[in-house]
Amino acid sequence: MMRWFEQAQFEVRLEWGSAAINAMAGSVDCVIIIDVMSFSSCVSLAVEKGARIYPYPWKTDSAHAYARLRAAQVASVRSRFTGEGYSLSPTSIQHINKGDALVLPSPNGSALSFQARDTNATVFSGCFRNLSATASLCRGFNRILLVPCGERWPDGSLRPCLEDYVAAGGIIAATGRKDCSPEAQAAVAAWQACQQRELEPLHRCASALELQQRGFSRDVELCLMTDAASLGCQLYDEFYDAAEA
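Worth saying up front: this structure is predicted, and the values here are computed from it rather than measured.

**Things to note about the overall build of the protein chain**
So, point 1. The secondary structure content of the protein chain amounts to ten helices and eleven strands.
So, point 2. For the protein chain, whose C-alpha radius of gyration is 17 Å, the value lies close to the compact-globule estimate of 18 Å for 245 residues.
So, point 3. In terms of overall dimensions, the protein chain has a C-alpha envelope of 50 × 40 × 40 Å along the principal axes.
So, point 4. By residue count, 56% of the 245 residues in the protein chain fall in the buried class.
So, point 5. Intrachain contacts of the protein chain at a sequence separation of at least 6 include 73% that bridge at least 24 residues.
So, point 6. Put simply, the protein chain shows about 10,700 Å² of open surface, and 50% of that area lies on carbon and sulfur atoms.

See the structure below:
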C-alpha cells in the first residue's frame, strides 16, 4: 500500500534531506543530491577539471584514514578557509588538477550522497553550474527524486534553504517533465520567479549572506553561475566523476 508521503503517483518527486532518502529513494530510479552552497558546486568544479570527489559525511580525523586508503587527498574538515589546499570553498576547488582524487567531508551534500549510494538508484549531484547537464541525464529515468539538502541550524536540525530549492526547480523545469508532484511543481515556480530576476534574490538569501559576511563572496558568485559546466556528476560507488551520457 502506498504511503501518503512517497509522492508515488508522480514521476518527478521532491523532498528534503536525509529523511527523503530513507523514505523515498527505494522507489525511484534516479536521485539528485542538491547542495548549492557548496558541496554540489565543489563537485561540479572538480569534475569539470577532470578530478574525482569522494563524499565523506564526518568532519573528523577519520577522513584522513579514509583518504589514505583511496590514495586521495582530504579537504580541510573546517567548512572554509583562506589558506592553501582544499576545503568546501568552491574558490579552493578551482585549482584542483586533472586526475586528482579528493575526499570532501560535509554534513549535508556528502552525508546524503554517502547515504544514497546504498540505494538501488543512480545518484547525481546537481547545482546551478551543471543544471542543464543534470536535467539531460535525468530524462532517461522514469522515476526521479530531487533532494535539496538544506543547511543546519546551530542545534543541528535541518534548515530548508532557498538556493537548493530553486536549483531543484530549475533542474525539473529543464527536464521538460510534466508528471510532477505538487512539491516538485512548487520548486519549479520558485525557479521561474528567481529566473525572471536573474537569480538576484539568491544573492541576498540567508546562505549567501552568511558567506558574504565571512569573506567568501566569490564562493557565492561561483555557486550561482547557471550552466557554467557542461558535465553532469554521477556517483560511481564511492566517488563522483563525469556522468555517462
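Still more ground to cover, so stick around.
**A short note on the side chain of Gln 7**
So, point 1. Within the secondary structure, Gln 7 is located in the segment before β1 (12-14).
So, point 2. A residue is classified by how much of its surface remains accessible, and Gln 7, at 5% relative accessible area, is buried.
So, point 3. In this structure, Gln 7 is in contact with Arg 13, Leu 14, Glu 15, Met 24, Ser 181 and Glu 183, ignoring residues within four places of it in sequence.

**Digging into the packing of helix α6 (residues 131-138) against helix α7 (residues 162-175)**
Between two packed helices, what matters for the description is the angle formed by their axes and the separation of those axes.
So, point 1. Direction vectors running N to C along α6 and α7 enclose 55°, while the axes themselves pass 8 Å from each other. Between α6 and α7, the angle is such that the two are oblique. Both α6 and α7 take part in a crossing whose hand is right-handed. Contacts between α6 and α7 involve Leu 131, Thr 134, Ala 135 and Cys 138 from the former and Ala 167, Gly 170, Ile 171, Ala 174 and Thr 175 from the latter.
So, point 2. Within the contact of α6 with α7, the residues separate by chemical class into six nonpolar, three polar and no charged.

**A few points about helix α1 (residues 17-24)**
So, point 1. Within the span of α1, buried status applies to Gly 17, Ala 20, Ile 21 and Met 24. Across the axial projection of α1, the buried residues extend over an arc of 100°, all falling on one side. Away from its buried face, by an angle of more than 90 degrees, α1 presents the exposed residues Ala 19 and Asn 22.
So, point 2. Tucked inside the fold, the buried residues of α1 contact β1, β2 (30-34), α5 (109-116) and β7 (144-148).

**Quick word on the packing of aromatic side chains**
So, point 1. Going through the model one piece at a time under the given rule, you end up with twelve aromatic pairs.
So, point 2. Ring geometry for Trp 16 versus Tyr 165: centroids 6.0 Å apart, planes at 20°, classification stacked. With Trp 16 in the loop between β1 and α1 and Tyr 165 in helix α7, the pair connects residues that are 149 residues apart, well separated along the chain.
So, point 3. With relative accessibility at 17%, the residue Trp 16 sits in the buried group.
So, point 4. Look at Tyr 56 and Trp 58: their rings are 5.3 Å apart centre to centre, the planes differ by 80°, and that puts the pair in the edge-to-face class.
So, point 5. Among the residues examined, Trp 58 registers a relative accessible area of 47% and is labelled partly exposed.
So, point 6. An aromatic cluster of at least three residues, connected via ring pairs, comprises Tyr 56, Trp 58, Tyr 66 and Phe 114.
So, point 7. In this structure, Arg 70 is placed above the aromatic ring of Tyr 66, and the distance from its NZ or CZ to the ring centre is 3.6 Å.

What counts, and where the lines are drawn
Residues numbered from 1 in each chain as written. Predicted model: local features only at pLDDT ≥ 70, side-chain atom pairs only at ≥ 80, totals over all residues. Heavy atoms only, no water. Helix = DSSP H or I, 4+ residues; strand = E, 2+ residues; numbered from the N terminus. Rg over C-alpha atoms; globule rule 2.2 N^0.38 Å. Buried < 20%, exposed > 50% of the residue type's maximum accessible area, 1.4 Å probe, protein only. Contact = heavy atoms within 4.5 Å. Areas by Shrake-Rupley, 256 points an atom, 1.4 Å probe, with all protein chains shown as cover. Axes fitted to C-alpha atoms, helices over the stretch in contact; angles between N-to-C directions. Parallel < 35°, antiparallel > 145°, perpendicular 65-115°, else oblique. Left-handed = near helix turned anticlockwise from the far one by under 90°. Nonpolar A, V, L, I, M, F, W, Y, C, P; charged D, E, K, R; others polar. Arc of directions from axis to C-beta. Phe/Tyr/Trp six-rings, centres within 6.5 Å; stacked < 30°, edge-to-face > 60°. Lys NZ or Arg CZ within 6 Å of the ring centre and 35° of its normal.

Remember, this is a structural readout, not a statement about activity or role.
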